[in-house]
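Each chain, written out:
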Amino acid sequence: MKPTHHVPPQNKGDGHPPHVLVVDDEPGVRRLAARALEGEGYQVHTAKDGVEALEVVGTLERRLGLVVTDVVMPRLDGVALLRTLSASHPALPVILMSGFATTHLVDLGLAAPCAVLGKPFSVEALVGEVRRCLEVRP
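Below you will find a few notes about this structure. (Residues numbered from 1 in each chain as written. Predicted model: local features only at pLDDT ≥ 70, side-chain atom pairs only at ≥ 80, totals over all residues. Heavy atoms only, no water.)

**Comments concerning the packing of helix α1 (residues 27–39) against helix α5 (residues 123–135)**
Two measures define how a pair of helices packs: the angle their axes make with one another and the distance between the axes. To keep things clear, this is the line we draw: Whenever a helix is involved, its axis is fitted only over the stretch in contact; in every case the axis is a line through C-alpha atoms, and angles between N-to-C directions fall within 0 to 180 degrees. Helix numbering and strand numbering both begin at the N terminus, where a helix is a DSSP run of H or I of at least 4 residues and a strand a DSSP run of E of at least 2. Note on terminology: angles under 35 degrees are roughly parallel, angles over 145 are roughly antiparallel, angles of 65 to 115 are roughly perpendicular, and the others are oblique. It is the rotation of the near helix from the far one that decides the hand of a crossing: anticlockwise by less than a right angle makes it left-handed, clockwise makes it right-handed. What makes two residues a contact is simply this: any of their non-hydrogen atoms within 4.5 Å. In this classification, the charged set is Asp, Glu, Lys and Arg, the nonpolar set is Ala, Val, Leu, Ile, Met, Phe, Trp, Tyr, Cys and Pro, and all remaining amino acids, among them Gly, are polar.
Relative to each other, α1 and α5 sit at 60°, their axes nearing to 10 Å. When the interaxial angle is binned, α1 and α5 end up oblique. The hand of the α1/α5 crossing is right-handed. Of the residues in α5, those touching α1 at L32, A33, A36 and L37 are V123, L126, V127 and V130. For the contact of α1 with α5, the per-class residue count stands at 8 nonpolar, no polar and no charged.

As structure tokens, this is what we get:
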């Protein structure tokens, strides 16, 4: 549900809404997250796995503000995607979505994601974490 005083998000400095990449192999989750974020004014791009996500990241260059990714996916999973992005785009915030317990993710020795969003999640929780992670972005 949108707040009645909705103000579209703004990227620092350029006046355009942030570009957010949603990565999930489940089409329903991908659509739900994309619709929720589009409804809040974000420019949303989607990918079905980490390989496709890296292609999208390459095309967006500096316009990409945040990545929201599932952990378990075919070809290139969210853990490998996070590691790759942490090395190539260290300032890019990443939110992990997972049905796993947070302690399991910590045990994997991950680069620190901006947030871990447990599945199933509410639209409000997703939007709140995206806002928070974009605000703390350097």
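From this point, the narrative continues.
**Quick word on unusual backbone geometry**
We apply this condition: Each residue gets one of three labels from its accessible area relative to the maximum for its type: buried under 20%, exposed over 50%, partly exposed in between, using a 1.4 Å probe on protein chains only.
Here the bond from K119 into P120 is cis, since omega is -5°, no more than 30 degrees from zero. A positive phi angle, near 65°, is found at R75, a position not held by glycine. Looking at the element boundaries, R75 is found in the loop between β3 (64–70) and α3 (78–88). The exposure class of R75 is exposed, given its relative accessible area of 60%.

**A look at the sheet that holds strand β1 (residues 19–23)**
How we decide: Should DSSP find at least two bridges between two strands, the strands are regarded as paired.
Spatially, the 5 strands line up as an open sheet ordered β2-β1-β3-β4-β5, and their pairing is parallel. Whereas interior strands pair on both sides, the edge strands pair on one side only; in this sheet they are β2 (43–47) and β5 (115–118). Averaged over all neighbouring strand pairs, the angle between strand axes comes to 20°, with direction disregarded. Bridge analysis of β1 against β2 gives 5 bridges, and the strand direction is parallel.

**Remarks on the environment of D24**
Quick note on the threshold: Any pair of N or O atoms that falls within 3.5 Å is considered a polar contact. Within protein, one atom must be able to donate a hydrogen and the other to accept it, and sequence-neighbouring residues count only if both atoms are side-chain atoms.
The topology assignment puts D24 in the loop between β1 and α1. The class for D24 is buried, based on a relative accessible area of 0%. Placed 45 residues apart in sequence, D24 and T69 show a C-alpha to C-alpha distance of 6.0 Å. If we ignore the near neighbours within four places in the chain, the residues touching D24 are V29, R30, A47, K48, D70, M73, M97 and K119. Only 2.8 Å separates the side chain of D24 from the backbone nitrogen of E26, close enough to count as a polar contact.

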